[in-house]
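Analysis of the macromolecular model
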Amino acid sequence: MTNKTTQAPLAVTCGDPAGIGMEIFIAAQKEIGGDIPMVLFADRRHLPQGVPVTLFQPDTAPPPPDHIWLHQIDFAQPAHPGQPDRRNAAGVISAIEQAVRLTQAGQMAGLCTAPIHKAILQDGAGFQFPGHTEFLAHLCGVQQVVMMLTCPALSVVPLTIHIPISDVPKAITRELFHTTAHILNDALRRDFGIEEPRISVAGLNPHASEGGKIGREDIDQITPWVAELQSAGVSITGPQSADAMFHAQARTRYDAALCMYHDQALIPIKTLDFSGGVNVTLGLPIVRTSPDHGTAFDIAGQGLADASSMVQAIVYADRMIKARQNAN
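Scope of this entry: the structure provided in the associated data block. All values reported here derive from a predicted model rather than from experimental measurement.

**Quick notes on the overall build of the protein**
Per the secondary structure count, the protein includes 10 helices and 12 strands. Radius of gyration (C-alpha) of the protein: 20 Å, near the 20 Å computed for a compact globule of 328 residues. Seen along its three principal axes, the alpha-carbon backbone of the protein occupies a region of about 65 × 45 × 35 Å. In the protein, which comprises 328 residues, the share counted as buried stands at 51%. Sequence separation of 24 or more characterises 73% of the internal contacts of the protein that already satisfy a separation of 6 or more. Counting only carbon and sulfur atoms, one obtains 51% of the accessible surface of the protein, whose full area is about 14,700 Å². Averaged over its 22 positive side-chain charges, the protein has a centre that lies 2 Å from the centre of its 31 negative ones.

**Observations regarding unusual backbone geometry**
With an omega dihedral of 5°, the bond running from Gly238 to Pro239 counts as a cis peptide bond. In the Ramachandran plot, Asp59 falls in the positive-phi region, its phi being about 65° despite a non-glycine side chain. Tracing the backbone through its elements, the reader meets Asp59 in the loop between strand E3 (53-55) and strand E4 (68-72). Owing to a relative accessible area of 58%, Asp59 belongs among the exposed residues under this scheme. The residue Ala208 is not glycine, and still its phi comes out positive at about 50°. Exposure remark for Ala208: the relative accessible area of 13% places this residue in the buried category.

About the cut-offs
Residues numbered from 1 in each chain as written. Predicted model: local features only at pLDDT ≥ 70, side-chain atom pairs only at ≥ 80, totals over all residues. Heavy atoms only, no water. Helix = DSSP H or I, 4+ residues; strand = E, 2+ residues; numbered from the N terminus. Rg over C-alpha atoms; globule rule 2.2 N^0.38 Å. Buried < 20%, exposed > 50% of the residue type's maximum accessible area, 1.4 Å probe, protein only. Contact = heavy atoms within 4.5 Å. Areas by Shrake-Rupley, 256 points an atom, 1.4 Å probe, with all protein chains shown as cover. Lys, Arg positive; Asp, Glu negative; His and termini not counted. Charge placed at Lys NZ, Arg CZ, Asp CG, Glu CD.

Next up, the structure:
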């Protein structure tokens, strides 16, 4: 920890330096001010000229709010907005590794990650993971984690993520359903301070199979699994007809929606709050959030990037850190 009276800073990784990660971090820091101490894991050479920088040292107080508090990561090449360079892939990976290591050691309170580009990391550094989340799980020694997308109006968890819709029914297993629901339930208590979390489950088929007229999965699989979790003390209901789960009145009845597939979860939250949604990784021993968007190489360096999601990712990380501290 930085000292015994103040919270350790939040680690923020730069992501791909050719993307919008650092510009939205700088904009977010200006908006948040000094309320949340943050350390950027990046290469000083990639920051705009004239931005005041203070190098991070353990056991030191935060610098003035207009300074970037920097943990130096030595990248191989300069950064050019919109022009990703695979020679910088190792630097992107190193930033994540060092941020996780310092968070695990208590020098950082939690982690917020700017967007990476998986193909660049694969080409430039032989990156072997499907994405950011799986890499973080590996670094933290965790077998299964859960992706949650959240905003003030809605929190959703997709049970299956980046697979073809034709593969979804066979990917939904009892083990996956139970494990995901338990991780979600525990995280709502620990990370969001909800004493009695309520989970609502979306049906796989239209109208949650409509009594077996539209498929049998909701009746033969999901309904018994929900009952098992209820018997284990989880406040979970469903499966519900997904088309009636996301209007304003329905959202008051639960704290998080457990959905069956990617678009079932992401369409409602992106409709409600396209710019402000936050990606949260549940089930890690450390707090991790990220903006709910990619590197946006096409607009990088043009002053067009919207920092709203980064602001919210930092704010949510800080809230989760404090919730964990209060729970201990």
